[in-house]
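Below, each chain spelled out in residue letters.
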Amino acid sequence: MTVELLADMLRIRRMEEKCAELYGEGKIRGFLHLYIGEEAVAAGAMRALEKGDNVVATYREHGHALLRGVSMDAIMAEMYGKQEGCSRGRGGSMHLFDAATRFYGGNAIVAGGLPLAAGLALAAKLQKEKRVTACFFGEGAVAEGAFHESMNLAQLWGLPVAYFCENNLYAMGTALARSESQTDLCVKAASYGMATLKVDGMDVVAVHEAAQRACGHVRAGKGPIFVEFQTYRFRAHSMFDPELYREKSEVEEWKKRGPIHTHSARLKKQGDLTEARFLELDAAAQAEVEKAVAFAEAGTWEPIADLTKHVTTPQ
Ligand SMILES: Cc1ncc(C[n+]2csc(CCOP(=O)(O)OP(=O)(O)O)c2C)c(N)n1
Ligand SMILES: [Mg+2]
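Residues numbered from 1 in each chain as written. Chains lettered and ligands numbered in written order. Predicted model: local features only at pLDDT ≥ 70, side-chain atom pairs only at ≥ 80, totals over all residues. Heavy atoms only, no water.

Chemist: Account for the overall build of the protein chain, with residues named and values stated.
Modeler: For the protein chain, the helix and strand inventory stands at twelve helices and seven strands. In terms of overall dimensions, the protein chain is globule-like: its C-alpha atoms have a radius of gyration of 19 Å, near the 20 Å expected for 315 residues. Oriented by its inertia axes, the alpha-carbon framework of the protein chain measures out at about 60 × 50 × 40 Å. Counting over 315 residues, the protein chain shows a buried share of 51%. Across the protein chain, every contact between residues at least 6 apart in sequence was considered, and the portion connecting residues at least 24 apart equals 74%. Seen as two clouds, the 37 positive and the 41 negative side-chain charges of the protein chain have centres 4 Å apart. (Helix = DSSP H or I, 4+ residues; strand = E, 2+ residues; numbered from the N terminus. Rg over C-alpha atoms; globule rule 2.2 N^0.38 Å. Buried < 20%, exposed > 50% of the residue type's maximum accessible area, 1.4 Å probe, protein only. Contact = heavy atoms within 4.5 Å. Lys, Arg positive; Asp, Glu negative; His and termini not counted. Charge placed at Lys NZ, Arg CZ, Asp CG, Glu CD.)

Here is the structure:
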């Protein structure tokens, strides 16, 4: 499992590095929010989920979609806006969606996914379907009414949701401590009576263990749980961010805790990974990216005549 977690993180990292490059070339347009630095959260959490579980995410969701099982080809085609993309080219980076893997987006609205997750969980509960709904969101969501309404109803109704908060300390350019009087996010969830966990989000094994505990709690019918993963993004908020709100030295400090190299080092120390195997995994991730780019390049644009379809009329 632990080598697989490394492979998962490498797949996200290489895919997103390529996306940044393609953005510079004008192949990917619109908004692009990279997850680089935070990969341990999606990797560790996703492997705690089962096939029938639901996943809801934010606009920083490329890695979540990929590890949930959406093909890199379909993700890359979506980034390009091609109709072979997972949202038929109409969503782009922020709106990856795939019903087959129960990946319910991709949501551009801060905290927008939380009530959706509560709704999916309510549906599962009423239909007596055993599924966890995993809802990923940034710490910026705690400033929204939708966060508090969701925490309240999820706990009141005992909904089977795992709220996975990715606390990377910043909401665009606003540090948590500049906007919140209470910066301990677990305290906020606990104020609704919800069970909570606080975890080192840079350590993929710690994330995985915590996510398994969290999902175990939900599967046991104990209601929702809130997990705070303490993490950090190494890149700008989006491609339009001069990063004036944090010191370069802070970023460098966090990079020392980068999830890929710390996990690789641990695996090597344990005798579970050789440099040759690492290079093999990396090459496989790179090859998958090249294939996905070729797929997206060869993809087709939706005909202009179809653009009004699925907008306001059924035609
Ligand atoms: C309701 C709402 N308000 C404002 C925005 C603009 N906005 C986009 S991303 C963002 C910051 C969110 O930060 P956080 O939730 O911590 O997620 P992160 O980007 O750090 O992953 C804001 C304010 C938005 N998309 N939706
Ligand atoms: Mg944030």
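So much for the structure itself; the text now carries on.
Chemist: Can you lay out the coordination of the magnesium ion (ligand 2) for me, pointing to particular residues and giving the numbers?
Modeler: Every protein donor of the magnesium ion (ligand 2) is accounted for by Glu139 (OE), Glu139 (OE), Asn168 (OD1) and Tyr170 (O), and the metal-donor separations fall at 2.0 to 2.8 Å. Between the six donor atoms coordinating the magnesium ion (ligand 2), the angles at the centre fall across 51 to 174°, so the site counts as irregular. In primary-sequence terms, the residues that donate to the magnesium ion (ligand 2) follow E-x28-N-x1-Y. Taken individually, Asn168 and Tyr170 each receive the classification buried, so the pair is uniform in this respect. (Donors = N, O, S within 2.8 Å, 3.2 Å for Na, K, Ca; no water. Tetrahedral: all angles 85-135°; square planar, octahedral: opposite > 155°, others 65-115°.)

Chemist: Tell me about the site of ligand 1, residues and numbers included.
Modeler: In the neighbourhood of ligand 1, 15 residues make up the surrounding shell, with Tyr59, Arg60, Glu139, Gly140 and Asn168 lying closest. One of the backbone N or O atoms of Ala108 is found 2.9 Å from a nitrogen atom in ligand 1. One of the backbone N or O atoms of Val110 is found 3.1 Å from a nitrogen atom in ligand 1. Here ligand 1 loses 74% of its free accessible area of 590 Å² to cover by the protein chains. Of the residues contributing to the shell around ligand 1, the split by class is eight nonpolar, four polar and three charged. (Near = heavy atom within 4 Å. Polar contact = N/O pair within 3.5 Å; in protein donor to acceptor, adjacent residues only side chain to side chain. Areas by Shrake-Rupley, 256 points an atom, 1.4 Å probe, with all protein chains shown as cover. Nonpolar A, V, L, I, M, F, W, Y, C, P; charged D, E, K, R; others polar.)

Chemist: Describe in detail the nonpolar core, supporting the description with residues and values.
Modeler: Core analysis: the biggest nonpolar cluster contains 72 residues, and Met76, Phe136 and Phe164 have the highest contact counts within it. With eleven residues, helix α1 (residues 2-24) is the largest single contributor of residues to this core. Excluding anything up to four places from it in sequence, Phe164 contacts Ala45, Ala134, Cys135, Phe136, Phe137, Ala211, Ala214, Cys215, Val227 and Phe229. In this structure, Ala117, Ala118, Leu159 and Leu185 belong to the second largest nonpolar core, which totals 23 residues. (Core = buried A, V, L, I, M, F, W, Y, C linked by side-chain atoms within 4.5 Å.)

Chemist: Which residues make up the pattern of salt bridges, and what are the values?
Modeler: Pairing between side chains of opposite charge can happen when their charged atoms approach one another. In this structure the tally under the stated criterion is 23 salt bridges. The residue Arg11 makes a salt bridge to Glu288 at a minimum N-O spacing of 2.7 Å. Remark: Glu288 occurs in helix α12 (residues 275-298) and Arg11 occurs in helix α1; sequence separation between them is 277 residues. Between Arg90 and Glu302 there is a salt bridge, with its nearest N and O atoms 2.8 Å apart. Linking Arg90 in the loop between α4 (72-80) and α5 (113-126) with Glu302 in the segment after α12, this pair joins segments that are 212 residues apart in sequence. Via salt bridges that share partners, Arg14, Glu17 and Asp282 belong to a single interconnected network. (Salt bridge = Lys/Arg side-chain N within 4 Å of Asp/Glu carboxyl O.)

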